[in-house]
Amino acid sequence: DPTATFDDNCTIVLYLEDTSGAFSRFEFDCLDLPRQIPGSNLYFACWSCMLSALNIALRWKAAQAMKFAQAREEQEQSPIEERGASSDDDDDDDDDDDDEDYE
């Protein structure tokens, strides 16, 4: 029939091998199979890969930010400790060379 549509004229043939090594032929009409959008798995795979890459990038940036914040905190802590140590040295002036200039 020249006016038949593709779905009316579509069959899928499968050859399956059983445990004895014999091949069996199976024919299915396209209408008997579930309707799926062609390429939907590829579409889903592309989106999931893009979202995974975005997740990795965001976690990497968050780790960089934490590392920067820790380095900044250590940098701010070190001058305070040095100032605290130097102020103790200023109070205890045990230099005897001040007297040498006046003798």
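Scroll up a little and you will see the structure.
Caption draft 1: Structural detail: the overall build of the protein. A count of helical and extended segments in the protein gives two helices and two strands. Secondary structure elements in the protein, listed N-terminal to C-terminal, are β-β-α-α. Looking at the protein as shown, the accessible area adds up to about 10000 Å², and 55% of this sits on carbon and sulfur atoms.

Caption draft 2: Inspection of a nonpolar patch on the surface at higher detail. A cluster of nonpolar side chains, contributed by Y43, W47, M50, L51, L54 and L58, occupies part of the molecular surface with about 670 Å² of accessible area. Relative to the assigned elements, L54 resides in helix α1 (residues 40-91). Relative accessible area serves as the criterion here: at 45%, L54 is assigned to the partly exposed category.

Caption draft 3: Examining the pattern of salt bridges more closely. On inspection of all chains with the given rule, the structure shows two salt bridges. A salt bridge links R25 to E27; its shortest N-O distance comes to 2.7 Å. One salt bridge in this structure joins E76 and R72, with 3.6 Å as the shortest N-O distance. In this pair, E76 and R72 both sit in helix α1, four residues apart, roughly one turn of the helix. On the basis of relative accessibility, which here comes to 48%, the residue E76 falls in the partly exposed class. Residue class for R72 comes out partly exposed when judged on its relative accessible area of 45%.

Caption draft 4: Examining the packing of aromatic side chains more closely. Within the structure shown, the criterion is met by one aromatic pair. Measuring from ring centre to ring centre gives 6.4 Å for Y43 and W47, while their planes differ by 65°; the resulting arrangement is edge-to-face. Of this pair, Y43 and W47 both sit in helix α1, four residues apart, roughly one helical turn. A relative accessible area of 43% places W47 in the partly exposed class.

Conventions and cut-offs
- Residues numbered from 1 in each chain as written.
- Predicted model: local features only at pLDDT ≥ 70, side-chain atom pairs only at ≥ 80, totals over all residues.
- Heavy atoms only, no water.
- Helix = DSSP H or I, 4+ residues; strand = E, 2+ residues; numbered from the N terminus.
- Areas by Shrake-Rupley, 256 points an atom, 1.4 Å probe, with all protein chains shown as cover.
- Patch = residues over 30% accessible without salt bridge, like charges linked within 9 Å, V, L, I, M, F, W, Y side chains within 5 Å.
- Salt bridge = Lys/Arg side-chain N within 4 Å of Asp/Glu carboxyl O.
- Buried < 20%, exposed > 50% of the residue type's maximum accessible area, 1.4 Å probe, protein only.
- Phe/Tyr/Trp six-rings, centres within 6.5 Å; stacked < 30°, edge-to-face > 60°.

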